[in-house]
Amino acid sequence: WAYWKQNVGSGVAYDCAMSVAEPGDKERGIAAYALQVLDAVGVRNGPAHIEIKNDEEGPVLIEINARPMGGHFSVGSLEAVTGHHITDVALRSAVDPGFILTLPEGIPPMGHMVLKVLIVHEGRMVDTAPMRALLSGLESFRTLHCDIPPGVPTFVPRTEDLVSSPGSVELMHRDGSDVMDDFALLSMIEKSAPDLLYGFPEEHCPDGDVAPYSKAI
């Protein structure tokens with residue numbers, strides 16, 4: 001997976017995470033580095049969550065944990081894009097070390113997926129009703145993760161980190177160009193025409209009443 005962040009106000013907000021369906025030399029180099037890191041810390045089998053930044057001097061380790069990746073993806077989407085269930089693979093690696101190397105078909109290739117983390121560039125009222133209508137028109141739309149019910153305008157402060165994001169959108173399609181086109185369109189609307197995504201403030205709050213946003217963590 002590769003992910004990007006944006007500078008928003010005084011914070012740094014997650015923008016997206018996308019599968020690397022067609023790794024090149026750079027990605028293979030990063031994967032080799034990750035395996036060297038696992039060897040260095042003594043992890044031989046089982047899941048590992050590793051974050052690596054790749055700069056002009058090469059890969060740099062940011063974080064490593066002996067656990068599966070984070071929980072911002074739905075289980076069904078992860079299974080669809082990776083071709084396996086993380087828990088099943090982790091359990092089998094514990095009882096049958098090295099089994100993955102014996103699979104005749106090898107490790108299945110990644111599918112095409114983008115997790116778009118929603119960014120509110122300025123504090124505003126947010127209604128997910130127009131958001132759901134817009135997303136339903138995207139060819140690759142799969143799932144919206146957001147605690148705000150449709151038709152319940154809620155004030156959301158400016159997004160400055162992962163916790164303050166109002167939610168995320170899963171985009172997935174067998175055609176990677178469809179996924180990237182929808183991601184580019186959604187990113188453009190989010191930044192340049194947010195009313196189309198979050199609704200028009202004057203329609204939401206005619207009397208100035210503000211419903212506070214509280215995200216479950």
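Look a little higher up for the structure.
What counts, and where the lines are drawn
Residues numbered from 1 in each chain as written. Predicted model: local features only at pLDDT ≥ 70, side-chain atom pairs only at ≥ 80, totals over all residues. Heavy atoms only, no water. Helix = DSSP H or I, 4+ residues; strand = E, 2+ residues; numbered from the N terminus. Contact = heavy atoms within 4.5 Å. Salt bridge = Lys/Arg side-chain N within 4 Å of Asp/Glu carboxyl O. Buried < 20%, exposed > 50% of the residue type's maximum accessible area, 1.4 Å probe, protein only. Pairing = 2+ DSSP bridges. Polar contact = N/O pair within 3.5 Å; in protein donor to acceptor, adjacent residues only side chain to side chain.

**Some remarks on the environment of Pro149**
Turning to step 1, where the next piece is worked out: Tracing the backbone shows Pro149 in the loop between β7 (141–146) and β8 (154–156).
Turning to step 2, where the next piece is worked out: Distance from Pro149 to Pro47, taken between C-alpha atoms, is 35 Å for residues 102 residues apart in sequence.
Turning to step 3, where the next piece is worked out: Once you skip the residues sitting within four places of it in the chain, Pro149 turns out to touch Asp127 and Thr128.

**A word on the pattern of salt bridges**
Turning to step 1, where the next piece is worked out: For the coordinates displayed, the defined rule picks out eight salt bridges.
Turning to step 2, where the next piece is worked out: Ionic pairing is found between Glu122 and Arg158, a salt bridge with its closest N-O pair at 3.9 Å. Residue Glu122 is found in the loop between β5 (113–117) and β6 (124–126), and its partner Arg158 is found in the loop between β8 and β9 (167–172); the two are separated by 36 residues along the sequence.
Turning to step 3, where the next piece is worked out: Arg158 is paired through a salt bridge with Glu160; the nearest N and O atoms lie 3.0 Å apart.
Turning to step 4, where the next piece is worked out: Taking relative accessible area as the criterion, Arg158 reaches 31% and is therefore assigned partly exposed.
Turning to step 5, where the next piece is worked out: Judged by its relative accessible area of 24%, Glu160 falls in the partly exposed class.

**Quick word on the pairing of strand β4 (residues 58–65)**
Turning to step 1, where the next piece is worked out: Summarising the sheet, strand β3 (residues 49–55) and β4 pair through seven bridges and their orientation is antiparallel. Paired with Ile50 across the two strands is Ile64, which belongs to β4.

**With respect to the side chain of Ser93**
Turning to step 1, where the next piece is worked out: Secondary-structure assignment places Ser93 in helix α3 (residues 86–95).
Turning to step 2, where the next piece is worked out: A distance of 2.7 Å separates a polar side-chain atom of Ser93 from the backbone oxygen of Ala90.
Turning to step 3, where the next piece is worked out: Excluding its chain neighbours within four sequence positions, the residues that come into contact with Ser93 are Asn45, Gly46 and Phe99.

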